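# Summary of structural features
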Amino acid sequence: MNNNKFNEQRHNRQKQFCRFILGFQQLVNHPLINLVWLLFAGGIIALLIARSKLISLYDANPLLNKLFEVCMNVMAIAFSVICAIGLIQFVGFISAIRDEADMSIVFGDKRDVKNQPPILRYKKTDRKSGVTKREFYSAIPMERWQEKKEAICDRMDIHIIGDITYGGRHRNIGNRIIIESAKGRKFKDRGALYDDTF
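First things first, this report covers the structure right here in the doc.

For the protein chain, the helix and strand inventory stands at 6 helices and 5 strands. Tracing the protein chain from N to C terminus, the helices and strands come up as α-α-α-α-β-β-α-α-β-β-β. Within the span of the protein chain, comprising 198 residues, buried residues form 29% of the whole. By sequence separation, contacts in the protein chain at least 24 residues apart represent 59% of the contacts at least 6 residues apart.

Set out below in structure tokens:
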């Protein structure tokens, strides 16, 4: 396996993990999204009804009947767990796609995003202050984030509060980038402009 393939697989694993974490956070932060679990529950009920009908239709000796019933139960449980994880990841995908697309445009050259564009790991908006905190998983160094700060603000129509920092509890994890922002661009004050020839 070459280095590019390994890096791509590692990035995809991290992306799946971040999608799950972000989806779970969004379900906690926005309780209205939890209505999707009603659809999930309806699907599980339909699956259990279909499983019961299949078990009742299968007619063989008692040992094979019991084995078939156990297999159907295991398949129903496994399918339910996989669907629940997929649903959480889908919520994460819907929450992340816009911000990640903006980051791909900002870091649009091949050097930065060819194999590993930034992945949104956390997003929460404080309703009182209007401040949105985003945490990205990224292989792009902090130096490039600082260079692209104005481009990020222009693309996302935000103004960054404070500075772009590293993530983690002690703000020391190099592949996590935290941006705190509020909506709208802020005009940069350039000082008093005057012409001293008059």
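Now for the environment of Ile33. Tracing the backbone through its elements, the reader meets Ile33 in the loop between helix H1 (3-29) and helix H2 (36-57). Owing to a relative accessible area of 28%, Ile33 belongs among the partly exposed residues under this scheme. Through-space distance from the C-alpha of Ile33 to that of Val91 is 8.4 Å; in sequence the pair is 58 residues apart. When sequence neighbours within four positions are dropped, the list of residues in contact with Ile33 reads Gln26, Leu27 and Val91.

So, on to the pairing of strand E2 (residues 132-137). For E2, a buried count of 5 out of 6 residues is recorded, marking the element as mostly surrounded by other parts of the structure. Linking strand E1 (residues 119-125) back to E2 in an antiparallel pair, the connection comprises 6 residues, with Gly130 at a positive phi of about 80 degrees. Bridging between E2 and strand E5 (residues 173-183) involves 6 bridges; their strand directions are antiparallel. Counterpart to Tyr137 in the pairing with E5 is Arg176.

Attention now moves to the nonpolar core. Counting 18 residues, the largest nonpolar core has Met103, Phe107, Trp145, Ile152, Ile164 and Ile179 as the members making the most contacts within it. Among the elements of the structure, helix H3 (62-106), helix H5 (142-147), helix H6 (149-156), strand E3 (158-160) and E5 are those that each provide at least two residues to this core.

Axis angle and axis distance: for two packed helices, these are the angle between their axes and the distance between the axes, and together they describe the pair. Put simply, H2 and H3 touch, their axes get as near as 11 Å, and they point 165 degrees apart. Between H2 and H3, the interaxial angle falls into the category roughly antiparallel. Remark: the crossing between H2 and H3 carries right-handed chirality. Where H2 approaches H3, its residues Val36, Trp37, Phe40, Ile44, Leu47, Arg51, Leu54 and Ile55 are matched on the opposing element by Phe68, Glu69, Met72, Asn73, Ala76, Phe79, Ser80, Cys83, Ala84, Leu87 and Ile88. Its residues assigned to classes, the contact of H2 with H3 comprises 15 nonpolar, 2 polar and 2 charged.

This part is about the pairing of E1. Here E1 runs beside E2; their pairing, made up of 6 bridges, is antiparallel. Each residue of the ladder has a partner; that of Leu120, found in E2, is Phe136.

Now for the side chain of His159. Position of His159 relative to the elements: it lies in strand E3. The exposure class of His159 is buried, given its relative accessible area of 15%. Among the polar contacts made by the side chain of His159, one reaches the main-chain carbonyl oxygen of Gly184 at a distance of 2.7 Å. Those residues in contact with His159, other than ones at most four positions away along the chain, are Cys153, Glu180, Ser181, Ala182, Lys183, Gly184 and Lys186.

Across the interface, H1 lies against H3 with an axial gap of 7 Å and an inter-helix angle of 95 degrees. For the element pair H1 / H3, the angle class is roughly perpendicular. On the side of H1, the interface is formed by Lys15, Gln16, Arg19, Phe20, Leu22, Gly23, Phe24, Gln26 and Leu27, while H3 contributes Ile85, Ile88, Gln89, Val91, Gly92, Phe93, Ser95, Ala96 and Glu100. Of the residues assigned to the contact of H1 with H3, the class counts are 9 nonpolar, 6 polar and 3 charged.

Reading guide: rules and limits
Residues numbered from 1 in each chain as written. Predicted model: local features only at pLDDT ≥ 70, side-chain atom pairs only at ≥ 80, totals over all residues. Heavy atoms only, no water. Helix = DSSP H or I, 4+ residues; strand = E, 2+ residues; numbered from the N terminus. Buried < 20%, exposed > 50% of the residue type's maximum accessible area, 1.4 Å probe, protein only. Contact = heavy atoms within 4.5 Å. Pairing = 2+ DSSP bridges. Core = buried A, V, L, I, M, F, W, Y, C linked by side-chain atoms within 4.5 Å. Axes fitted to C-alpha atoms, helices over the stretch in contact; angles between N-to-C directions. Parallel < 35°, antiparallel > 145°, perpendicular 65-115°, else oblique. Left-handed = near helix turned anticlockwise from the far one by under 90°. Nonpolar A, V, L, I, M, F, W, Y, C, P; charged D, E, K, R; others polar. Polar contact = N/O pair within 3.5 Å; in protein donor to acceptor, adjacent residues only side chain to side chain.

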